[in-house]
Amino acid sequence: MRLLKLNWGKSVVLGLLMVSLLSSCSSVDVSDYQGTNPPLVLESFFNGPLKASGIVENFSGKVIRRFNVTMEASWQGTEGAIKEWFVYDDGETQTRIWRIKSQGEGQYTGRADDIIGTAEGKASGSALRWRYDMLLPVDGDEYQVHFDDWMYLVNDNTIINQSDIIKWGVTVAKVTLVIQKH
């Protein structure tokens, strides 16, 4: 019986490694969206009041949380601030203030209090890929996770945002968010 458990454990680890290697080889690059329209320019879309609704899915695809976000965004030259007020379906609230800087040519950097280091983003055509590490609160504890965040401008008033939450190289949850201008 012990051998069976050991072999099963090795199979799971090998399977995860194979999936990880295969997915990293076939990864989409933001430059694949070059020339798509409408072009996503953070300074244009994230300017003024916005609202968003989203879901969090666990590793198996089950929706485990729903939430709404009220946002207020503004820019002073190449520097922007996006204030976000989250309200989750269980009553939890959270506030985040992003401080974004345009580096030119579709490159962005960002900081927020719960972000570790600097977030880095690159826009191309109607898409933006945003990557950062975050301290994520879960049941009274905080976990350091990596976000691989994709934004797609659907039209002048709507972005669909999809994020993988990654721990130890494995996607442990996904977030889908629809952001709309008012």
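The present account deals with the structure reproduced in this document. What you are looking at is a predicted structure, and each value in this text was computed from that prediction instead of being measured. (Residues numbered from 1 in each chain as written. Predicted model: local features only at pLDDT ≥ 70, side-chain atom pairs only at ≥ 80, totals over all residues. Heavy atoms only, no water.)

Sheet strands pair via backbone hydrogen bonds, and the direction of the pair is either parallel or antiparallel. Strand order in the closed barrel formed by 10 strands is β1-β2-β3-β4-β5-β6-β7-β8-β9-β10, and the pairing between neighbours is antiparallel. Direction aside, neighbouring strands of the sheet carry axes that sit 25° apart on average. Relative to strand β10 (residues 170-181), strand β9 (residues 158-167) is paired through 10 bridges, and the arrangement is antiparallel. Its bridge partner being in β10, asparagine 161 is matched across the sheet by leucine 177. (Pairing = 2+ DSSP bridges. Helix = DSSP H or I, 4+ residues; strand = E, 2+ residues; numbered from the N terminus. Axes fitted to C-alpha atoms, helices over the stretch in contact; angles between N-to-C directions.)

This part takes up the packing of aromatic side chains. Applying the stated rule across the entire model yields 10 aromatic pairs. Summarising the aromatic geometry, the rings of phenylalanine 45 and phenylalanine 46 are spaced 5.1 Å apart at their centres and angled 75° between planes, so their arrangement reads as edge-to-face. The exposure class assigned to phenylalanine 45 is buried, which follows from its relative accessible area of 3%. Judged by relative accessible area, phenylalanine 46 falls into the buried class, the value being 3%. Considering the side-chain rings of tryptophan 150 and tyrosine 152, the 6.0 Å spacing of their centres and the 5° angle between planes classify their relative orientation as stacked. The exposure class assigned to tyrosine 152 is partly exposed, which follows from its relative accessible area of 22%. In this structure, lysine 181 is placed above the aromatic ring of phenylalanine 45, and the distance from its NZ or CZ to the ring centre is 5.6 Å. (Phe/Tyr/Trp six-rings, centres within 6.5 Å; stacked < 30°, edge-to-face > 60°. Buried < 20%, exposed > 50% of the residue type's maximum accessible area, 1.4 Å probe, protein only. Lys NZ or Arg CZ within 6 Å of the ring centre and 35° of its normal.)

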